[in-house]
Amino acid sequence: MVDYRVEDQFAILEINNPPVNALSLHVREGLLNGVLRASADNNVKAIILIGKGKTFPSGADIKEFSRPGKAPWLPEVGHTIESSNKPVFSALHGTALGGGLEIALFSHYRIAEKTAKVGFPEVHLGLLPGAEGTIRLPRLTGLVIAMEMITSGRQVSAKEALKFGIVDKVVEGNLLKETKAFAKSVLGQPLEPRKLSLCGVKDADQVDKYYEAALKELLKKYRGVIAPVSCLKSIRGSAQLPYKEAAELERTLFSELMSGAQSAALRYSFFAERAASRWNLPNGASSANSKPLTIKSAAVIGAGTMGSGIAICLIRSGIPVILVEQNEKMLENALRNIGYILQGSVKLGRMTVDQRSDCLRILQGAASIEKLKDVDIVIEAVYENLKLKQEIFEKLDKICKPTALLCSNTSTLDIDLIASVTSKPDRVAGTHFFAPAYIMKLLENIYGSKTSPITVATIMDLGKKIGKISVLSKTCDGFIANRMNKIGTEAAFLVEEGALPHDIDQVLEDFGMPMGVFKVSDLSGIDIGWSIRQEMAKKQGITLTLETHYVSGERYSSLADRLYNLGRLGLKTGKGWYRYNNASNSRKPIIDPDVTDMILNHCEKLRIKRRQISPQEIIERCLYATVNEGFKILEEGVAEKPEDIDIVWQYGFSFPRYRGGPMFYASQVGLKKVYERICYYHESFPYSKHWLPSDLLKKLVSHPNEVPINLWMNYTNSKL
Ligand SMILES: CC(C)(COP(=O)(O)OP(=O)(O)OC[C@H]1O[C@@H](n2cnc3c(N)ncnc32)[C@H](O)[C@@H]1OP(=O)(O)O)[C@@H](O)C(=O)NCCC(=O)NCCSC(=O)CC(=O)CCCCCCCCCCCCC(=O)O
Ligand SMILES: NC(=O)C1=CN([C@@H]2O[C@H](COP(=O)(O)OP(=O)(O)OC[C@H]3O[C@@H](n4cnc5c(N)ncnc54)[C@H](O)[C@@H]3O)[C@@H](O)[C@H]2O)C=CC1
């Protein structure tokens, strides 16, 4: 794993552990032995550490973190490098990250190839750079840059690294040749000043001031996340303590993080995200054996909230779009609105004026779908109405070229029903974006029973190309995301039983959700849910009233319908579950006593006896109902694996990454405990079928060995 050779009196230690040269045990052993061998070899004047393939080591081997590790540990390897009697040069290319950068900081000199990037991304894994990265980086860069880089996990370019003093030279061309040339220019110079363990932190006297300022920022930015603060404490130690004691403090903080729940969840999330990009269809097709088509042009039908957002995603990635609306006036409004949104991006520094112009240049409007005959893909985003969508797909089938993919942004409707009106159902799929589509990272792609592997491969690939995290779902009512989301349903029941909307929002926010469910409902519009419920009632041939308490034997809450009837549609009308100060254009939700009165009246009318509800019950009711549905989704093959579900929740509903996702969270609580509580709530609420315990969960708890191993178990200390 570390190839050793001597060339021109240089010992070259080439790290060869694809794909990212992670510093797994054999690499650490190879480095340690290689440096000792080279140090003892009289024919060697200097040592060069270099990565084979696309990168210098991108970090420790994260997979090893969930197993008992073995020496030599990285700091031991590092100190062997630093104390070598021969100068050691790290030649950096690709992404020299985490433990990789630490190895470089133990070396006496660092040379970076022009396109290389360096950084400490450990904070994203709930960790700190625990091989003395927090002690060494400030010795090179000073405290402010070290604090920023380590607490943000940001990767910096070779050029910036040179400016910060992290690397000694940036080179172009053959890295090894250039490193040798640099080495020759410094051979013979004393090594002691190059050993960071012997240097001090130049702005150490300012540490308290920098620490306080950074802490204030971090607490605001990363509410509930512990690793950034630990990083900061360790960096403070680097300035306040002698080197050895600082390293001990770093080790203690690292061990605390490593054994904690947040890092377990974040490490799981790292692999889950990559696992979600791989897919398998029941017919044997998979991401490994299916090739995507190239999408060179697109059309979006419906330029409302979603259609406009989807069009932005496409044009931002350089894909020309024809945007279709019902008439010229609506089209004009939509195009103007897109212009404003992009203007906002410019103001926020997310794009330049020129990039905005480039985007608008490839956006074309149309008030009829007749113009779509040449596009490679159509994404329909009209109202959530099956009949309307079928009419549109029937027309598209006739107008578009035979190879075009026809996709719907439907949030709930069966893709098979939409595909059934076309002559090419293999080309039909769901591409479910989340609002606001130009911000939210998730693209939930949906395949129907006839969707072809090429279609699936293309929409999964398209997601990646437009900067989304794509996850695949089989068609069903609501797909993974909306079918599983029982938070809103249970939250409404909890309000009927005794809680108030802001109580529930507070508990969910304390759990780590960026925004409570009622605030989200106000933001997206009370009318959205109302339309979905009306559509559902129509399908079942029933009429919903404000007194409706059961629908087809299922408990139903009409609280949101009451808001709708009062014209309280959320933020857009200045009133919803909360009140908003529209005069000052404020989006800040204000608790509204009128809503409390409305809730109390509702309960009185329906003779619901209100009671005290604990935060624990709120979490259990909202999350365990969701988890139970998640297991049903797995059982039915709607989601292929728990990772897919968790990634949908992280990127579609902003579920806190440091809790892994609802399925992972359940595994951390203990599946047995979760199952028992689900059974308890099923007994308490027999008229909510989402409490009917999942067979898969029951089997997993009672006969774990009979259930195929769930991937998440590989990376964590999760328990049954
Ligand atoms: C590197 C990337 C930027 C590459 O991106 P890209 O090209 O897009 O490829 P990907 O699809 O992301 O990745 C390809 C493939 O590689 C896998 N992979 C990537 N990185 C790693 C990794 N670090 N480890 C393992 N595997 C990795 C990835 O999963 C993909 O495979 P797939 O899942 O099968 O598809 C990008 O990948 C990236 O950003 N990677 C992560 C980089 C990172 O986070 N690095 C930091 C790692 S943590 C680290 O380095 C820790 C430390 O610094 C501290 C170590 C301290 C040790 C101190 C220990 C002292 C302990 C003493 C204990 C004593 C106990 C006792 O006495 O018993
Ligand atoms: N709003 C949301 O948060 C989300 C909505 N969705 C789904 O996206 C779709 C669109 O939703 P929204 O954008 O919120 O609705 P919207 O009401 O904001 O926009 C729909 C647009 O479609 C246009 N339209 C209707 N019939 C048309 C036709 N025949 N030809 C051209 N344009 C037509 C309307 O004029 C309107 O501008 C729905 O299927 C919805 O379920 C999916 C994810 C999230």
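See the structure printed just above.
Residues numbered from 1 in each chain as written. Chains lettered and ligands numbered in written order. Predicted model: local features only at pLDDT ≥ 70, side-chain atom pairs only at ≥ 80, totals over all residues. Heavy atoms only, no water.

## Remarks on the pairing of strand S4 (residues 88–92)
- Counting buried residues in S4 gives 5 out of 5 residues, a clear majority hidden from the surface.
- Read from strand S3 (residues 46–51) through helix H2 (residues 74–82) to S4, the crossover connection turns out right-handed.
- Examined bridge by bridge, S4 and strand S6 (residues 109–113) share 4 bridges and lie parallel to one another. Looking at the pairing, Phe-89 lines up with Tyr-109 of S6. (Buried < 20%, exposed > 50% of the residue type's maximum accessible area, 1.4 Å probe, protein only. Helix = DSSP H or I, 4+ residues; strand = E, 2+ residues; numbered from the N terminus. Right-handed = clockwise from strand over helix to strand, strands pointing away. Pairing = 2+ DSSP bridges.)

## With respect to the site of ligand 2
- Around ligand 2, 24 residues are found, and the nearest of them are Met-306, Glu-325, Glu-384, Lys-389 and Ser-411.
- Note that an oxygen atom of ligand 2 is positioned 2.8 Å from one of the side-chain N or O atoms of Gln-326.
- Within the side chain of Asn-409, one N or O atom sits 3.0 Å away from an oxygen atom of ligand 2.
- The protein chains hide 82% of the 830 Å² of surface that ligand 2 would expose on its own.
- Taken together, the elements giving at least two residues each to the shell around ligand 2 come down to helix H12 (305–316), helix H15 (386–399) and strand S15 (428–433).
- Per element, the largest residue contribution to the shell around ligand 2 is 3 residues, and it comes from H15.
- Considering only residue class, the shell around ligand 2 consists of 13 nonpolar, 8 polar and 3 charged. (Near = heavy atom within 4 Å. Polar contact = N/O pair within 3.5 Å; in protein donor to acceptor, adjacent residues only side chain to side chain. Areas by Shrake-Rupley, 256 points an atom, 1.4 Å probe, with all protein chains shown as cover. Nonpolar A, V, L, I, M, F, W, Y, C, P; charged D, E, K, R; others polar.)

## Focus on the packing of aromatic side chains
- Applying the stated criterion to the full structure yields 16 aromatic pairs.
- When the centroid spacing of 5.2 Å and the interplanar angle of 65° are considered together, the rings of Tyr-680 and Tyr-681 count as edge-to-face.
- For Tyr-680, a relative accessible area of 42% corresponds to the partly exposed category.
- Taken together, a centroid distance of 6.3 Å and an interplanar angle of 20° make the contact between Tyr-681 and Phe-685 stacked.
- A relative accessible area of 15% means that Phe-685 is categorised as buried.
- Aromatic ring contacts, followed pair by pair, group Phe-434, Phe-511, Trp-649, Phe-653, Phe-655 and Tyr-665 into a single cluster.
- Positioned above the aromatic ring of Phe-493 is the side chain of Arg-555, whose terminal nitrogen or guanidinium carbon lies 4.0 Å from the ring centre.
- Geometry around Phe-511 places Arg-659 over its ring, the cationic atom sitting 4.0 Å from the centre. (Phe/Tyr/Trp six-rings, centres within 6.5 Å; stacked < 30°, edge-to-face > 60°. Lys NZ or Arg CZ within 6 Å of the ring centre and 35° of its normal.)

## Remarks on the sheet that holds strand S5 (residues 95–97)
- If you trace the 3 strands from one edge of the open sheet to the other, you get S5-S7-S8, paired in mixed fashion. Looking at the sheet topology across the chains shown, the edges are occupied by S5 and strand S8 (155–157). Adjacent strand axes in the sheet meet at a mean angle of 25° when their direction is disregarded.
- Packed on one face of the sheet, helix H3 (residues 99–106) meets S5 and strand S7 (117–119) and runs near 80° to S5. (Axes fitted to C-alpha atoms, helices over the stretch in contact; angles between N-to-C directions. Contact = heavy atoms within 4.5 Å.)

## Describing unusual backbone geometry
- Each neighbour pair has its own omega, and for Pro-18 with Pro-19 the value is 5°, a cis peptide bond.
- Although it is not a glycine, Ser-552 sits at a positive phi angle of roughly 50°.
- Summarising the element assignment, Ser-552 is placed in the loop between strand S18 (550–551) and strand S19 (554–555).
- For Ser-552, a relative accessible area of 60% corresponds to the exposed category.

## Looking at the site of ligand 1
- Around ligand 1, the structure places 28 residues, and the nearest of them are Ala-60, Gly-99, Glu-102, Glu-122 and Arg-274.
- Measuring from an oxygen atom of ligand 1, one finds a backbone N or O atom of Gly-99 at 2.8 Å.
- Take Glu-122: an N or O atom from its side chain is 2.7 Å from an oxygen atom of ligand 1.
- For ligand 1, the accessible surface in isolation is 1300 Å², of which the surrounding protein chains cover 70%.
- Elements with a contribution of two residues or more to the shell around ligand 1: H3, helix H10 (243–258) and helix H11 (261–276).
- Per element, the largest residue contribution to the shell around ligand 1 is 3 residues, and it comes from H11.
- Counted by class, the shell around ligand 1 contains 15 nonpolar, 6 polar and 7 charged residues.

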